[in-house]
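Below, each chain spelled out in residue letters.
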Amino acid sequence: MRKEITFGEITVKPGEKKSGFAPVYASDFSIPLTVINGIQAGKTVVITSGIHGGEYPCIETAIELAQEIDPLTVSGQLIILHPVNIQAFQARMSYIVPEDGKNINRLFPGDKMGTISDRIAYTITTEYSDRADFYIDLHGGDIHESLPPYVYYPGIADEKVVAQSKAAAEVLNADFIVKSSATTGAYNSAAIRGIPSLLIELGGKGLWNLEEVIFYKNNITNLLRHLHLLKGPVQIPRQKAYEITKAEYIDASESGCWYPSVNLKDTVRKGQKIGQIKDVFGNTKEEIFAAYDAVILFITVSLAINANDPIITYGI
Ligand SMILES: [Zn+2]
């Protein structure tokens, strides 16, 4: 006999779906939430979107999936948070939560005694991802970022969790599959706690369009079939993604103006210049060179750059 389920104070009977706002622990904040309780037994899958509020294709994808998926076609439970960082979304702001200036995705598993971003991370960990059999975190390039479609799987976790995550990544249409060595992202933290997980990147530069959203939704639908939450054949990706086993994130050491000298998906040689930072008088402050032969995964495209902002991600 299937039971009713409760997430974020929303209780849903088998075969039903409800939406509302989920409270963030010990705060006045809440996160838009849809809880889909399938008619058949199965896994619990949690999807978060918009941990970064300016990543529009993933946010629209989550909104549409929450609306369109019929609980009568679901085996298990599908929980969708859309978007997590609604304050930044409404403020049309990248990266951070406006109230405390923190990037939620560097704070997991969170801290219930911290500021609002720490509490959002704590709430997602304890009330959502810890209760999942599989966790999917939807991202994309932020307002000032450009990237091709790619997927990260956690590289630091139990071997079985890493293998399950990678197998799920392989059903997605993506240019790259990247093994991550990070620990404080939402999906990394979930994996360390024993939950297989992925982070998917699609779109960027503060834009979105229907083609991207349809592509994103098809990818997620295929993934949900792979996880047996939805019925139907799992589609084989159009082409095999290029595998990256070591990704490096370069942060700016100076604030000023950023001039990349490479394009997305370029291959670079060790020692090749990949960009420079100048001051507002046009004087060069920093030149950045590739530390090894690699392929460019992500580029910040805004002219403005701040110290400690990511400027490029590349990998081998
Ligand atoms: Zn993001």
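Within every chain, residues take consecutive numbers counted from 1 along the sequence as written. Where totals are concerned, whole chains, interfaces and linings use all residues; where local detail is concerned, this predicted model gives features only for residues with pLDDT of at least 70, and gives and counts side-chain atom pairs only at 80 or more.

(A) Highlighting the nonpolar core. In plain words, the nonpolar core is the set of buried Ala, Val, Leu, Ile, Met, Phe, Trp, Tyr and Cys residues that C-beta atoms within 7 Å link up. Counting other C-beta atoms within 10 Å of its own, a residue is labelled buried from 20 upward, exposed at 12 or fewer, and partly exposed in the gap between, with every C-beta atom placed from the backbone. In this structure, Val 45, Ile 136, Val 151, Val 178, Leu 198 and Leu 297 are the most contacted members of the largest nonpolar core, which totals 91 residues. Of the domains in this structure, domain 1 (5-242) and domain 2 (246-315) are the two that each give at least three residues to this core. Contact definition: two residues whose C-beta atoms, as placed from backbone geometry, lie within 7 Å. Val 45 has contacts with Gly 76, Leu 78, Ala 132, Asp 133, Phe 134, Ile 136, Leu 224, Leu 227 and Leu 229, leaving out every residue within four places of it along the chain. Segmentation of the chain into domains, including their bounds, is taken from an automatic or database domain assignment.

(B) Here's a closer look at the domain arrangement of the protein chain. With domains assigned, the protein chain is organised as domain 1 (5-242) and domain 2 (246-315). Put simply, the middle of domain 1 and the middle of domain 2, counted by C-alpha atoms, are 28 Å apart. The interface of domain 1 with domain 2 comprises 11 residues on the first partner and 10 residues on the second. Secondary structure elements are defined from DSSP: runs of H or I of at least 4 residues count as helices, runs of E of at least 2 residues count as strands, and each element is numbered from the N terminus. Broken down by secondary-structure element, the contributors of at least two residues to the side of domain 1 that touches domain 2 are strand E8 (145-146) and strand E10 (176-180). Tallying contributions element by element places E10 first for the side of domain 1 that touches domain 2, with 3 residues. Here the side of domain 1 that touches domain 2 is composed, by residue class, of 5 nonpolar, 3 polar and 3 charged. Put simply, Ala, Val, Leu, Ile, Met, Phe, Trp, Tyr, Cys and Pro go in the nonpolar bin, Asp, Glu, Lys and Arg in the charged bin, and everything else, Gly too, in the polar bin.

(C) Examining the pairing of strand E6 (residues 75-81) more closely. Most of E6 is tucked away: 6 of the 7 residues are buried. Here strand E4 (residues 30-37) runs beside E6; their pairing, made up of 5 bridges, is antiparallel. In the strand pairing of E6, Thr 34 is matched with Ile 80. Pairing analysis gives 6 bridges linking strand E5 (residues 40-49) to E6, with the strands arranged parallel. Pairing of Val 45 across the sheet is with Leu 78, part of E6. Think of it like this: strands point away, you trace from the first strand over the helix to the second, and a clockwise trace means the crossover is right-handed. Note that the unit made of E5, helix H1 (residues 56-68) and E6 has a crossover that is right-handed. Criterion used throughout: strands pair if DSSP finds at least two bridges between them.

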